[in-house]
Amino acid sequence: MPEKKSQMEAIYRHMWASHEGGPFAPLDESLHPRPHSMLYEVVSTCGVSSSSLVLDIGSGRGNHSCALAQRFGCAVVGLDVAQFHVEQGRARAVQEGVSDRVSFVQGDIEALPFEDERFDFLWSRDMLMHVLALPQALAECARVLKPAGAMLAYTTVATGRMEPKEAAWLYASFGLVLESMEEGVVEAAFQAAGLQMHSKEQLGSELMEWVEEHEGRASRELMRLARMLRKPEYYQELLGTRRYEVALANYPWALYILLGKLSPTLYVLQKNASS
Ligand SMILES: C[S@@+](CC[C@H](N)C(=O)[O-])C[C@H]1O[C@@H](n2cnc3c(N)ncnc32)[C@H](O)[C@@H]1O
């Protein structure tokens, strides 16, 4: 078996060494990734100021709505489909002393409860993947944006490394929409809505590398996942089935980003003047 001999030699000559330093040592050094706060730096290039009215779509716990108001002095409306998020956002705005400028409403991106051309800037972070009808949702975004207004869309798309079976499980568990995680579908929906792609940056694992390097999130969640998978009954009893299932779906997220199966992507869009 001469082929087997040369195959094993070719693999193991480098395999043992790959656990050590030597030529592999640079892999332990940071590539100096940017943190998630780079998104705010992008906002500052979009002309957001103290006179701007900003819509935070899918505002979640309200942290970004408050941070935008604090950084730019602007007024912000946070919109989220989940009522408990709206309440969390309101409580945070009071706690952070910005409730005079930051308000929250319950609503769906597919039918925004605002009049045409109300907002100067739209911020949509980590939510387009949940949207069922992306063309309808983005048409709504374009409708409520002032002429020539800008939108920051930070969303995650699946890459060719994502296997269909793992995608099907992850998306079903986490309420993600397969088509809305396809780069081509997302970009076609921007175009159809009259939102011109001003810039696009494939961030890939960069921001998650920062989180791992500074907070150890991915390695902690990997170990949590390993323990949950090894002793499912124990953790289901401890956490309750629903909490267990949500955590089981949530923890692979950071790992899939680091493995290159999911790729966070940052778009700056501009409403066509004629739309
Ligand atoms: C991953 S969280 C992101 C929250 C926040 N933007 C952030 O970056 O921390 C996704 C959010 O989108 C909201 N969401 C999902 N579908 C929505 C829809 N159709 N319209 C409005 N909000 C939606 C969820 O309730 C959740 O708060």
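Here is what the cut-offs are and how they apply
Residues numbered from 1 in each chain as written. Predicted model: local features only at pLDDT ≥ 70, side-chain atom pairs only at ≥ 80, totals over all residues. Heavy atoms only, no water. Salt bridge = Lys/Arg side-chain N within 4 Å of Asp/Glu carboxyl O. Helix = DSSP H or I, 4+ residues; strand = E, 2+ residues; numbered from the N terminus. Buried < 20%, exposed > 50% of the residue type's maximum accessible area, 1.4 Å probe, protein only. Pairing = 2+ DSSP bridges. Right-handed = clockwise from strand over helix to strand, strands pointing away. Near = heavy atom within 4 Å. Polar contact = N/O pair within 3.5 Å; in protein donor to acceptor, adjacent residues only side chain to side chain. Areas by Shrake-Rupley, 256 points an atom, 1.4 Å probe, with all protein chains shown as cover. Nonpolar A, V, L, I, M, F, W, Y, C, P; charged D, E, K, R; others polar.

Participant: I would appreciate a short explanation of the pattern of salt bridges in the present structure.
Facilitator: Here the idea is simple: oppositely charged side chains can pair when their charged atoms come close. As enumerated under the stated definition, the model contains 14 salt bridges in all. The salt bridge partner of R143 is E140, with a shortest N-O separation of 2.8 Å. You can see R143 and its partner E140 sitting in helix 5 (residues 134–144), three residues apart, about one turn around the helix. With relative accessibility at 25%, the residue R143 sits in the partly exposed group. Each of R34, E201 and E206 takes part in one network of salt bridges that share partners.

Participant: Quick question: what am I supposed to make of the pairing of strand 4 (residues 119–125) here?
Facilitator: For a regular strand, the rule is simple: side chains alternate between the two faces of the sheet. Counting buried residues in strand 4 gives six out of seven residues, a clear majority hidden from the surface. Bridge analysis of strand 1 (residues 53–57) against strand 4 gives four bridges, and the strand direction is parallel. Bridging from a neighbouring strand, V54 pairs with F121 of strand 4. In the classification by handedness, the crossover that spans strand 4, the intervening helix 5 and the parallel strand 5 (residues 145–158) is right-handed.

Participant: Which parts of the structure should I look at to understand the site of the ligand?
Facilitator: Around the ligand sit 15 residues, and of these G58, D80, H85, D108 and R125 come closest. G58 places a main-chain nitrogen or oxygen 2.7 Å from a nitrogen atom of the ligand. Contact with the protein chains covers 83% of the free accessible surface of the ligand, which is 600 Å². Of the residues belonging to the shell around the ligand, the class tally is five nonpolar, six polar and four charged.

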